[in-house]
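Here's the letter readout for the chains.
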Amino acid sequence: MENTLAVKIAQVIIPKAIVYADEDLTAPIGHVSNGKLIPVGKPLLHKTEIVPVIISGRLAYIHIQDIRYVSEEDEELEKRKGAPREHKIDQEFMTTEDKLTENNFVTFSYG
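Each value, and the rule that gives it
Residues numbered from 1 in each chain as written. Predicted model: local features only at pLDDT ≥ 70, side-chain atom pairs only at ≥ 80, totals over all residues. Heavy atoms only, no water. Helix = DSSP H or I, 4+ residues; strand = E, 2+ residues; numbered from the N terminus. Buried < 20%, exposed > 50% of the residue type's maximum accessible area, 1.4 Å probe, protein only. Contact = heavy atoms within 4.5 Å. Areas by Shrake-Rupley, 256 points an atom, 1.4 Å probe, with all protein chains shown as cover. Core = buried A, V, L, I, M, F, W, Y, C linked by side-chain atoms within 4.5 Å. Phe/Tyr/Trp six-rings, centres within 6.5 Å; stacked < 30°, edge-to-face > 60°. Lys NZ or Arg CZ within 6 Å of the ring centre and 35° of its normal. Polar contact = N/O pair within 3.5 Å; in protein donor to acceptor, adjacent residues only side chain to side chain.

Moving on, we come to the overall build of the protein. Each helix and strand counted, the protein has two helices and seven strands in total. Helices and strands appear in the protein in the N-to-C order β-β-β-β-β-β-β-α-α. Buried residues in the protein amount to 29% of all 111 residues. Within the protein, residue pairs in contact and separated by at least 24 positions form 58% of the contacts whose partners lie at least 6 positions apart. Carbon and sulfur atoms make up 52% of the accessible area of the protein, which totals about 8,100 Å².

The subject of this paragraph is the nonpolar core. One finds V19, V32, I38, V40, V53, I62 and I67 to be the most contacted residues of the largest nonpolar core, which totals 13 residues. I18, L25, I50 and Y61 belong to the second-largest nonpolar core, a separate cluster that totals six residues.

For the rest of this paragraph, the subject is the packing of aromatic side chains. Evaluation of the coordinates by the stated rule reveals zero aromatic pairs. Over the aromatic face of Y69 sits the side chain of K8, whose NZ or CZ is 4.7 Å from the ring centroid.

So, about the side chain of K47. Its place among the elements puts K47 in the loop between β4 (37-40) and β5 (50-55). At 3.4 Å, the side chain of K47 forms a polar contact with the backbone oxygen of E23. Of the polar contacts made by the side chain of K47, one reaches the side chain of D24; its length is 2.5 Å. With residues near it in sequence (within four places) discarded, K47 still touches E23 and D24.

What follows covers the environment of G35. Mapped onto the secondary structure, G35 falls in the loop between β3 (28-33) and β4. Taking the C-alpha atoms as reference, G35 lies 5.7 Å from Q11; in sequence the two are 24 residues apart.

Another aspect to go through is unusual backbone geometry. Even without glycine at this site, L25 takes up a positive phi of about 60°. For L25, the position within the fold is in the loop between β2 (16-20) and β3. Classification of L25 as buried rests on a relative accessible area of 18%.

Structure, rendered in structure tokens:
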């Protein structure tokens, strides 16, 4: 288990930066939009291309290529402070088979 402290503020630089629940980046849980400022920790020791981020009080992970670090003196930092919102990404990663299981039922009645 790693300790994560928000040591730097970073800005998302791509249209939708995917946020993952695990270090292996296999479980996407949402995305953060371009321009959002997020608190990030130090890159992981064994995977330096991944940084931890706290979203809605939970530990998550994001690619370091999707962000740029913002300096403390940056004027935009003061204007855009705030925590990123959690997004429902389940719909974006649904396969065709998953979509067929929703609202797909048959009811028989005999009387």
